[in-house]
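# Structural overview
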Amino acid sequence: MASGPEPSAARVLPCGDTALLVELSTTLAAAGLAGRIADLQTDGWAPWDGVIDVVTGERTVLVVAQHPRAVAALRPLLLDLACTPTVSDSAEGVRVGLAHLVEIPVVYAGADLLLVAAHTGLSVAQVIAAHTGTEWKVGFTGFAPGFAYLIGGDPRLVVPRRAEPRPRVTAGSVALAGPYSGVYPTESPGGWQLIGHTDLPLWDLQRDPPAVLRPGMRVRFRDAGGTS
Amino acid sequence: MIRGLEVLATGPLALVEDRGRPGYAAVGVGRSGAADRAAYLLAGRLLGEPVGRAAVEVTLGGLVVQARGSFTIVVTGAPAPAMIDGRPVGHAAPVHLPDGATLALGMPPTGLRSYLAVRGGIDLEPVLGSRSSDTLSGIGPAPVAVGQVLPIGQPGPGGPTLDVAPVGAPEGGTVELTLLPGPRLAWLADPRALTTASWTVSGHSDRVGMRLAGSPVRRARRWADAELPSEGVVLGGVQVPADGQPIVFLADHPVTGGYPVVAVLRTADVDRAAQCRPGQSVRLRWAVTPPDPEQPGAPGGMWLSDTLQSLPQPAPQLGASPN
């Protein structure tokens, strides 16, 4: 069953004297592991209390500890966690919903909306329906502070990046590239296909944490109507 | 009138730094903070201050400030010759800076970064719990500028208990830095290429990373054209981009990177790397003798076992950075 939990191949790679890099077979598995590490950090037992940073990549989770001695204790625990996925790490888990849900209202009038429709063979209405029709999940973050790669969307929405990145994409732009969707948290250069815009602020340095979207969270886009 | 230090000159670069922002990497904010953490922490201890007060990180001297109020100050890190109203004062030695007096830092004979700490701390508005300038993301205070008055907070109880800290200055000449295996060590054709070459610190080095120039490090043939899906990187990580010239990540390193991190500096050596000047020579050495790739069965291979076991196929290029 493709969507259920499967035993996965995982490796724990060395990363100096205060960190370990866990490599997993899928983005979902990485996001799931990061979520479970976050729970263990919240519980605050050793050695998890010695973890200062957790960075989820496309298929990796970097775990940074305060002291070298925590690394030896973390290593077998991480390997064990990584090799025993739970339902929340699967596509099924995205649908049944085991984490906090963020709803993002979108005006679907992005500059690349027609291109995306042409590329996918869908009508604009179908693109919007597909984007709003499934729940997404924050797989990992990167590129810029607060930028979240959303995974688990409708597979018909897979589109390439633009050949020429735009030098300037406005904050709140909702975009697609590869299997991912994302919202530009701040103005930046950008090469993803822009399909819409949200006024929901996703990044605010006066807030703690400053990012609304964090690994493991569920996201649903809602058509806010309007064209500008 | 604001109690503080009025900035008369900054030198090449002066930044407010503290311990940085640990714990925000998951949302894409790096740790930042003082590049030479030991020197920064020493300054706080010498002043008898609670840990975490912000100081000024001065690159290659040149900072001149005038006191508005009277303060106790100390300079640590690169031994920039310090003068108060033209009178030399000691390094790593707390000293009184009277109201109206001018403190000037000259060019240090060795090292790159000096820390000027003031009892009470630089009291700018914190961002995410820290007053550190992150030069990569732009989070935190802007670089120190001429005409600015750096506000100083209220000192806590207590005060300096030592006259001087007998610490060595950062090394001149060749600096030797010790490497531990990084997650993508197997991407190198030969791990010894890092340690047999003589490296020069490039002029393009900054707080993001120390760039090393020398004989390019080659990738193993099977990884030659592979793309690494972007993954978390660490302080002290030695990244080898396509041009084979290693970058050693310092305080403002990116949270994730798309080039292989093949080695990581021993934590104790990160501060020393942060004091290496452009043009200075660097030798790298592995903490343990690496095996000869020509003789896979040769002794010395234990340390590599984690990295080399069950090598996966090179990863296909997945989605891509949104920029």
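Conventions and cut-offs
Residues numbered from 1 in each chain as written. Chains lettered and ligands numbered in written order. Predicted model: local features only at pLDDT ≥ 70, side-chain atom pairs only at ≥ 80, totals over all residues. Heavy atoms only, no water. Helix = DSSP H or I, 4+ residues; strand = E, 2+ residues; numbered from the N terminus. Buried < 20%, exposed > 50% of the residue type's maximum accessible area, 1.4 Å probe, protein only. Contact = heavy atoms within 4.5 Å. Buried area = accessible area lost by both parts, 1.4 Å probe. Salt bridge = Lys/Arg side-chain N within 4 Å of Asp/Glu carboxyl O. Nonpolar A, V, L, I, M, F, W, Y, C, P; charged D, E, K, R; others polar. 1 Å grid on protein atoms, 1.4 Å probe; cavity = no way out; pocket = protein on both sides within 12 Å on 5 of 7 lines; lining within 4 Å. Points joined across faces, edges and corners; volume = space filled by probe spheres on them. Pairing = 2+ DSSP bridges. pLDDT = per-residue confidence, 0-100. Core = buried A, V, L, I, M, F, W, Y, C linked by side-chain atoms within 4.5 Å. Disulfide = S-S within 2.5 Å. Polar contact = N/O pair within 3.5 Å; in protein donor to acceptor, adjacent residues only side chain to side chain. Axes fitted to C-alpha atoms, helices over the stretch in contact; angles between N-to-C directions.

Residues and elements named next belong to chain A. Mapping Gly-182 onto the fold places it in strand E10 (residues 180-183). In this structure Gly-182 comes out as buried when scored by relative accessible area, which is 0%. Through-space distance from the C-alpha of Gly-182 to that of Val-54 is 20 Å; in sequence the pair is 128 residues apart.

The next point concerns the interface of chain A and chain B. The interface of chain A with chain B comprises 44 residues on the first partner and 43 residues on the second. Roughly 3400 Å² is buried in total at the junction of chain A and chain B, and carbon and sulfur atoms are behind 60% of that figure. Between Glu-23 of chain A and Arg-184 of chain B there is a salt bridge; the shortest N-O distance is 2.7 Å. Residue composition of the side of chain A that touches chain B, by class: 24 nonpolar, nine polar and eleven charged.

This next bit is on the layout of surface pockets. In this model, the second largest pocket occupies a volume close to 770 Å³. Thr-18 and Ile-52 of chain A together with Arg-31, Arg-37 and Leu-235 of chain B are the residues nearest the centre of the second largest pocket, which is lined by 40 residues in total.

Turning next to the pairing of strand E1 (residues 11-14) of chain A. Residue and element names in this part refer to chain A. Of the two faces of E1, the one holding Arg-11 and Leu-13 and the one holding Val-12 and Pro-14 are both buried throughout. The pairing of E1 with strand E2 (residues 19-23) spans four bridges and is antiparallel. In the strand pairing of E2, Leu-13 is matched with Leu-21. Remark: four residues form the turn of the hairpin made by E1 and E2, two consecutive strands paired antiparallel; Gly-16 in that turn has positive phi of roughly 75°.

This paragraph deals with the confidence of the model for chain B. Residue and element names in this part refer to chain B. Summing up the model confidence of chain B, the mean pLDDT is 90 and the portion of residues at 70 or higher is 89%. The model gives residues 296-320 a pLDDT under 50, and that stretch makes 50 contacts with residues more than four places away or in other chains. Here the prediction assigns the complex a pTM of 0.87, and the interface score ipTM is 0.89.

Here Asp-225 of chain B lies in the loop between strand E14 (209-213) and strand E15 (231-232). For Asp-225 of chain B and Ala-242 of chain B, which are 17 residues apart along the polypeptide, the C-alpha to C-alpha distance reads 9.2 Å.

The subject of this paragraph is the nonpolar core. All names here are of chain B. Counting residues in hydrophobic clusters, the biggest one holds 41 residues, and the most contacted among them are Leu-194 and Met-210. Elements supplying a minimum of two residues to this core: helix H1 (37-46), strand E10 (113-118), strand E12 (175-181), strand E13 (199-201), E14, strand E19 (261-265), helix H3 (267-274) and strand E20 (281-286). Ranked by residue count, the leading element in this core is H1, at five residues. Setting aside residues no more than four positions away along its own chain, Met-210 makes contact with Leu-177, Val-201, Ser-205, Pro-246, Ile-247, Val-248, Leu-250, Ala-273 and Cys-276.

Right, let's talk about the state of the cysteines for a bit. Within the structure shown, the criterion is met by zero disulfides over all chains. No disulfide involves Cys-15 of chain A; its sulfur sits 19 Å from the nearest other cysteine sulfur, which is in Cys-83 of chain A.

A word on H3 of chain B. Residues of H3 of chain B that are buried: Asp-269, Val-270, Asp-271, Ala-273 and Ala-274 of chain B. Looking at the buried side of H3 of chain B, the elements it contacts are H1, E10, E12, E14 and E19 of chain B.

The next point concerns the side chain of Ser-114 of chain B. Residues and elements named next belong to chain B. Relative to the elements of secondary structure, Ser-114 occurs in strand E10. Of note is the side chain of Ser-114, whose polar atom sits 2.6 Å from the backbone oxygen of Ala-78. Discounting chain neighbours no more than four positions away, the residues touching Ser-114 are Val-56, Glu-57, Val-58, Val-75, Thr-76, Gly-77, Ala-78 and Ala-80.

Residues and elements named next belong to chain B. A sheet is described by the order of its strands in space; here five strands give the open sequence E2-E3-E10-E5-E8, paired in antiparallel fashion. Because the sheet does not close on itself, it has two edges, and the strands there are strand E2 (13-17) and strand E8 (95-97). Within this sheet the neighbouring strands show an average axis-to-axis angle of 30°, counted without direction. As judged from the four bridges shared by strand E3 (residues 55-59) and E10, these two strands associate in the antiparallel manner. When the sheet's bridge partners are listed, Thr-59 is paired in E10 with Arg-113. Running at roughly 150° to strand E5 (residues 71-77), H1 makes contact with E2, E3, E5 and E10 of the sheet.

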